[in-house]
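# Overview (structure and organization)
So the chains spell out like this:
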2 protein chains.
Amino acid sequence: MTLPKQRTAALIIIGNEILSGRTQDKNLAYVATFLNQHGIRLMESRMILDDFDEIIEAVNTLRKRYDFVITTGGIGPTHDDITPEAIARAFGVPYEYHPESVIELKKHYTPEMLNEARMKMAKMPRGARLIRTPLSGAPAFAYENVYILAGVPKIMQSMLDSVKEEFGSGPSLLSRSITCLLPEGNVAEGLTKIQENHPHLEIGSYPFSREGIWGTVLVTRGFSYPEIDKACDEIKTMVTSLGGQLIEEQNIHENCPYH
Amino acid sequence: MTLPKQRTAALIIIGNEILSGRTQDKNLAYVATFLNQHGIRLMESRMILDDFDEIIEAVNTLRKRYDFVITTGGIGPTHDDITPEAIARAFGVPYEYHPESVIELKKHYTPEMLNEARMKMAKMPRGARLIRTPLSGAPAFAYENVYILAGVPKIMQSMLDSVKEEFGSGPSLLSRSITCLLPEGNVAEGLTKIQENHPHLEIGSYPFSREGIWGTVLVTRGFSYPEIDKACDEIKTMVTSLGGQLIEEQNIHENCPYH
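Here, residues in each chain are numbered from 1, in the same order as that chain's written sequence. Chains carry letters and ligands carry numbers; both start at the beginning, A for chains and 1 for ligands, and go up in the order they are written. The predicted origin of the model limits local features to residues at a pLDDT of at least 70 and limits the giving and counting of side-chain atom pairs to 80 or more, whereas totals for whole chains, interfaces and linings rest on all residues. Only hydrogens and water are set aside when side-chain values are computed; all heavy atoms of the structure are taken into account.

### Side note on the environment of Val239 of chain A
Residues and elements named next belong to chain A. Helix and strand definitions follow DSSP, with helices as H or I runs of at least four residues and strands as E runs of at least two, each counted in order from the N terminus. Counting through the fold element by element, Val239 comes out in helix α9 (residues 225-241). Separated by 57 residues in sequence, Val239 and Leu182 have C-alpha atoms that sit 7.9 Å apart. Note on contacts: a residue pair qualifies if any of its non-hydrogen atoms lie within 4.5 Å across the two residues. In contact with Val239, other than residues within four places in its own chain, are Cys180, Leu182, Leu218, Gly244, Gln245 and Leu246.

See below:
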């Protein structure tokens, strides 16, 4: 499986509530799709605790390895929101009030509302680039290739939208899926051959069970519709020759380009 | 926030379909709860591609850092199922047919079904401990402190259940949550003081918005009901004194111990 080179990214999901299982992450799928629209592939995601050492290590490892790093969570006013200070430590720069962010907070909140806890949200690494959203007073920011965003999905999405130009453009990974009522073990050998015929495509196989019957979703990913379609035709021929039923076919890229 | 020391674990979720956003992971919450029932804390989770280098690096880093490592995904019969071979390489041992696993597969499948692709599922690192489940012919295994499980949730759960004794026992983290209709910025200062009063508890604050109104869920975690209840009483008093409405209270530990 060798796809043409794309720019790369990692996502760091920060928060004890994610690792306890209390909160189901909803940001990964959105970020993956956003990145793919810009021609960037999400290579890995780490979910870590609200802990200085963990955040610093993850950020410093991943920002050197990938073109972009996005973090979600931990930028609010409470004691467990430590992401901005951890980012300052990761880059070895002072953690201090950002002058523009202070002005923004003063616009967003009345003087009675703007207590010390809310003022903390204006503190970030010296030299951070502000990321604004009309939905919240909590400011996000970027530092070099790291984007520090909120954990609440709607706000995170609005923040990402407001800096989308920084992610540039490139070819999106396209995909098409075929669902058949054959267990994975039946299609495996034929699928290996089809994968070998198409080294520039990535063919994934995902088993499922519905009412006791095993089936498999076969997803073909690549950068060229004609080549994807060719591989899908071969997959359909194989499924039929094995006596398998084709129950669904989807050009995923039409709605959501990266799947 | 200094909680008493627990044993620790990491979860590695393997699969291109997770990072593309195609498949929403459903294993993390289950694994977190299972671990907590055994007195083990999930410290981090990594989602990585079906790629030898990525799997080897993640496994070798995390198995040294934590007491337990669990992986999900990539143990089936198709070409993109490379986890067992990657685990063998991570430990530097041969990847070969496991004699007991071959016997199990021959029991599970008819001779016509047991093709070369399915036989591949019996290959694992030399010296692996088999993990059996009645739900699937796909064998899971453990190697030292690493547990290599299926990605399909029902099967993963059954596999985990069949080796639960290996995870021993210890005190579970308990928690209680209070939901109030005050934005996070209003409760932040009071909450910091309550956290300082209770260094053996971990108090988390999670904002939400319902029909345009901001509220906050305040989760107190610890190992002693009386101390958790004391902190929760202080939180309720604070919310009331700020004019906030308490809308919900939940002893999460009664249904699901770790949240």
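### Quick look at empty space enclosed by the protein
Space inside and on the surface of the protein is sampled on a 1 Å grid over the protein atoms alone, with a cavity defined as a set of points where a 1.4 Å probe fits but cannot get out and a pocket as an open set with protein on both sides within 12 Å along at least 5 of 7 lines; lining residues have an atom within 4 Å of a point. Grid points are joined across faces, edges and corners, and a volume is the space filled by probe spheres set on the points. Overall, the coordinates contain five cavities of 30 Å³ or more when judged by the stated rule. In this structure, the largest cavity occupies an estimated 170 Å³ of space. Lining the largest cavity are 18 residues, and of these Gln24 and Asp25 of chain A together with Gln24, Asp25 and Met47 of chain B lie nearest its centre. When residue character is reported, Ala, Val, Leu, Ile, Met, Phe, Trp, Tyr, Cys and Pro are called nonpolar, Asp, Glu, Lys and Arg charged, and the others, Gly included, polar. Class assignment of the residues belonging to the lining of the largest cavity gives a composition of eight nonpolar, six polar and four charged.

### Points about the domain arrangement of chain A
The figure often quoted for interface size is the accessible area lost as the parts come together. The split of the chain into domains comes from an automatic or database domain assignment. By the assigned domains, chain A splits into domain 1 (7-167) and domain 2 (174-255). A C-alpha centroid distance of 37 Å is found between domain 1 of chain A and domain 2 of chain A.

### Digging into the packing of aromatic side chains
Ring pairs shown here join Phe, Tyr and Trp side chains whose ring centres sit within 6.5 Å, with only the six-membered ring taken for Trp; geometry is labelled stacked below 30 degrees between planes, edge-to-face above 60, and tilted in between. Within the structure shown, the criterion is met by 10 aromatic pairs over all chains. Consider the rings of Phe91 of chain A and Tyr143 of chain A, whose centres lie 4.4 Å apart with planes at 45 degrees: the pair is tilted. Taken together, the positions of Phe91 of chain A in helix α4 (residues 83-91) and Tyr143 of chain A in strand β7 (residues 140-143) put the pair 52 residues apart, joining distant regions of the chain. Accessibility assignment for this pair places Phe91 of chain A and Tyr143 of chain A in one class, buried. With 4.8 Å between their ring centres and 40 degrees between their planes, Tyr147 of chain B and Phe167 of chain B make a pair best called tilted. In this pair, Tyr147 of chain B is assigned in strand β8 (residues 146-149) and Phe167 of chain B in the loop between α7 (153-162) and β9 (174-180), connecting sequence segments 20 residues apart. Phe167 of chain B matches Tyr147 of chain B in its accessibility class, with the two residues each being buried. Taken together through their ring pairs, the aromatic side chains of Phe34, Phe68, Tyr147 and Phe167 of chain A make up a single cluster. Directly above the aromatic system of Tyr97 of chain A lies the positively charged group of Lys123 of chain A, at a separation of 5.5 Å from the ring centroid. When a residue's accessible area, from a 1.4 Å probe over protein chains only, is under 20% of the maximum for its type it is buried; when over 50% it is exposed; and in between it is partly exposed. We call a charge positioned above a ring when the Lys NZ or Arg CZ atom is no farther than 6 Å from the ring centre and deviates by at most 35 degrees from the ring normal.

### So, the nonpolar core
Most often, soluble globular proteins have nonpolar side chains that are buried together. Leu35, Ile70 and Phe167 of chain A together with Leu35, Ile70 and Phe167 of chain B are the most contacted members of the largest nonpolar core, which totals 106 residues. Not counting residues within four places of it along the chain, the set of residues in contact with Phe167 of chain B comprises Arg7, Phe34, Leu35, His38, Ile40, Phe68, Ile70, Tyr147 and Leu160 of chain B. Joining through side-chain atoms within 4.5 Å is the link that ties buried Ala, Val, Leu, Ile, Met, Phe, Trp, Tyr and Cys residues into a set, and such a set is a nonpolar core.

### Remarks on the interface of chain B and chain A
Facing the 60 residues of chain B at the interface are 60 residues of chain A. By definition here, a salt bridge exists when the distance from a side-chain nitrogen of Lys or Arg to a carboxyl oxygen of Asp or Glu is within 4 Å. Here Arg65 of chain B makes a salt bridge to Glu57 of chain A, at a shortest N to O gap of 3.3 Å. Among the elements of the structure, α1 (16-19), α2 (27-37), β2 (40-48), α3 (52-65), α6 (116-119), α8 (184-197), β10 (202-210) and β11 (213-222) of chain B are those that each provide at least two residues to the side of chain B that touches chain A. Looking at the side of chain B that touches chain A residue by residue, the classes come out as 27 nonpolar, 16 polar and 17 charged. For two strands to pair, DSSP has to find at least two bridges joining them. In this structure, strand β2 (residues 40-48) of chain A lies alongside β2 of chain B, joined through five bridges in antiparallel fashion. In the sheet register, Ser45 of chain A faces β2 of chain B, and the bridge partner there is Met47 of chain B.

### Quick look at the sheet that holds β2 of chain A
Across the sheet, which stays open at both edges, the 12 strands sit in the order β6(A)-β7(A)-β8(A)-β3(A)-β1(A)-β2(A)-β2(B)-β1(B)-β3(B)-β8(B)-β7(B)-β6(B) with mixed pairing between neighbours. Every interior strand has two partners, whereas the edge strands, β6 (129-131) of chain A together with β6 (129-131) of chain B, have only one. Neighbour to neighbour, the strand axes of the sheet diverge by 20 degrees on average, direction disregarded. To obtain an axis, a line is fitted to C-alpha atoms, over the contacting stretch when the element is a helix, and the angle between two such axes runs from 0 to 180 degrees between their N-to-C directions.

### As for the state of the cysteines
Residues and elements named next belong to chain A. By convention in this document, the label disulfide applies to cysteine sulfur atom pairs within 2.5 Å. All chains considered together, the criterion is met by zero disulfides over all chains. Just so you know, Cys180 is unpaired, no disulfide at all, and the nearest cysteine sulfur is the one on Cys232, 12 Å from it. A relative accessible area of 0% places Cys180 in the buried class.

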